[in-house]
Amino acid sequence: MLELKNLYDDFRDSKTIKALSLEIEKEAKKLNRNINIMEVCGGHTHTIMKYGLPQILPQNINFIHGPGCPVCIMPKERIDHAYILSMQKNVILVTLGDMIRVPGSKGSLQSARRKGADVRFVYSPLETVQIAKDNPNKIVIFFAIGFETTTPMTVALLETSINQNISNILFHINHVTVPEVMAELIDGREKNQIDAFLGPSHVSVIAGSQIYEQFPLKYNRPVVVAGFEPVDVMEGVLHIIKQFNENRCELEVQYKRVVTREGNLKAQELINRYFEKREFFKWRGLGNMPKSAWKLRDEFSQFDAEVVFQDILPNKEIDDHKLCICGEILRGMAKPNECTIFGTACTPNSPVGSCMVSSEGACSAYYQYGQFQ
Amino acid sequence: MCLSIPSKVKKIDKERNIAIVETFGVEREASLDLMAEDEVKVGDYVLLHIGFIMSKIDEKSALESIETYKEILEKMDKEERQKTILEDDNCPNRDC
Ligand code: SF4
């Protein structure tokens, strides 16, 4: 009998991948054109490179690697905030592991730690509760990053600390949202060549597939929400090509096993209770994007590290490294191997730009899996 | 950051609002804070992310996908078999 436990073998099965690639080849032959598919999410970029999917896809199907890596889009200004906060006396800065090596203008959190800062990397935001209880005389600042996927977890931490009367946890909120940046990428000043989107998996688990309904309707771009396994990605690509062949432009969900139209309503309700949208948020490489990030509502400003520490947190803009083309990569206008210092001055061990830092970043995925096509 | 391995719910601790889940034989705790009350039950498959259960996995839909893949595979096997026969039929070395 089929059992879900073994599911992951099925979704990674090389024979199935091959079978899907043959189907794709057939469909792609009927297209009289090239199709550029942007996989918005860094998790997809990782799968695509790890399993060498570009090599088994027909020539006329091309992936554009999108901005969906939370660490990669974090601007230096925000990393500097984390750095400065971590250097304060009696502060413990807590964040998720991916942030450790991202360079800001003053250095990374790793280098702050070497200088004596108490920076801790946790697997789950909830670990912050124990850290705060163990250190009642210190201020514990949770530096919150991530897309829709991780936003409700930060809110759950806030709610827990309110319910348990823990008063020494503050939040520095850097949660960003996906649809606004997708719209900007096809509607923005610099046109790129996106014909269709592979919709992020886990963002949609929380926010629902509804957030993409505008793209086929308003922007004439198909969206297929696909899971993270290679078979999911291949099936997603097949759905997209079929839409073109059949003259359809729709929102489809390949990842039905966890994605619904509405998403996780409880999580959404939590977010809206504590957070509101910022007017603008600067995305690394992409610049200011309207309504693309959250902040704490005014009622909760006593928990907001940006408010409590406003006197020491600069808001001057900082430029990225001259040679780094992360911005173009994140906009889908260049591939990592087009960067002149890719793999030489910039490697995962000493990343110059943020796309090289996280395994979800396009440069790091290209470096790791060596597919510099 | 994004793991998508399904975990199976073993136990639920209502007081702490957590579930004990098993992922590939490893047991761990996961918060139920993002799930509606009584939404998750023992025996359910769930998706975990940074210590939280973020959704249930719809077993029926997952198994349906796998069924579809099996069909595609069978179809491919058939086509491959036919191709092999055809290649064999057209084999220029038939005489040797
Ligand atoms: S290789 Fe390094 S410097 Fe070049 S674009 Fe990527 S992250 Fe930036």
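Remember, predicted model here, so these are calculated numbers, not experimental data.

A. The arrangement of the overall build of chain B in detail. When its secondary structure is counted, chain B shows 1 helix and 5 strands. Counting from the amino terminus, helix and strand elements in chain B follow one another as β-β-β-β-β-α. Classification of the 96 residues of chain B by burial places 41% in the buried group. Expressed as a percentage of contacts within chain B between residues at least 6 apart in sequence, the contacts between residues at least 24 apart total 30%. Summed over all atoms, the accessible surface of chain B reaches about 5900 Å², with 50% contributed by carbon and sulfur.

B. Summary view of the pairing of strand β6 (residues 169-175) of chain A. All names here are of chain A. Counting buried positions along β6 yields 7 of 7 residues, so the element is predominantly enclosed. Neither face of β6 is left uncovered, since the one carrying Ile169, Phe171, Ile173 and His175 and the one carrying Leu170, His172 and Asn174 both have all their residues buried. One ladder, built from 7 bridges, connects strand β5 (residues 139-146) with β6; its direction is parallel. Paired with Phe143 across the bridge in β6 is His172.

C. Local environment of the side chain of Glu77 of chain A. Residue and element names in this part refer to chain A. Topologically, Glu77 is positioned in helix α5 (residues 76-86). From its side chain, Glu77 meets the backbone nitrogen of Ile318 in a polar contact 2.7 Å long. With sequence-adjacent residues up to four places away left out, Glu77 is seen in contact with Lys282, Lys316, Glu317 and Ile318.

D. Fine view of unusual backbone geometry. All names here are of chain A. You will see that Asn247, though not glycine, has its phi angle at about 55 degrees, which is positive. With respect to the helices, strands and loops of the structure, Asn247 is situated in the loop between α12 (230-245) and β9 (251-253). With relative accessibility at 74%, the residue Asn247 sits in the exposed group.

Rules used throughout
- Residue positions are given per chain, counted from 1 along the sequence in the order it is written.
- Both sets of labels track the order of writing: A upward for chains, 1 upward for ligands.
- Totals for whole chains, interfaces and linings use every residue, but because this is a predicted model, local features are given only for residues with pLDDT of at least 70 and side-chain atom pairs only at 80 or more, for both listing and counting.
- Each side-chain value is derived from all of the structure's non-hydrogen atoms; neither hydrogens nor water enter the calculation.
- Counting from the N terminus, the helices are the DSSP runs of H or I reaching at least four residues and the strands are the DSSP runs of E reaching at least two.
- Note on exposure labels: buried denotes an accessible area under 20% of the residue type's maximum, exposed denotes more than 50%, and partly exposed covers the range between, all computed with a 1.4 Å probe on protein chains only.
- Any two residues whose heavy atoms approach within 4.5 Å at even a single point are treated as in contact.
- The accessible surface values rely on the Shrake-Rupley method and a 1.4 Å probe; as for residues, cover is taken only from the protein chains in view.
- Any two strands are treated as partners once DSSP identifies two or more bridges connecting them.
- Think of a polar contact as two N or O atoms within 3.5 Å of one another; within protein, one of them needs to be a possible hydrogen donor and the other a possible acceptor, and neighboring residues in sequence only count if both atoms come from side chains.

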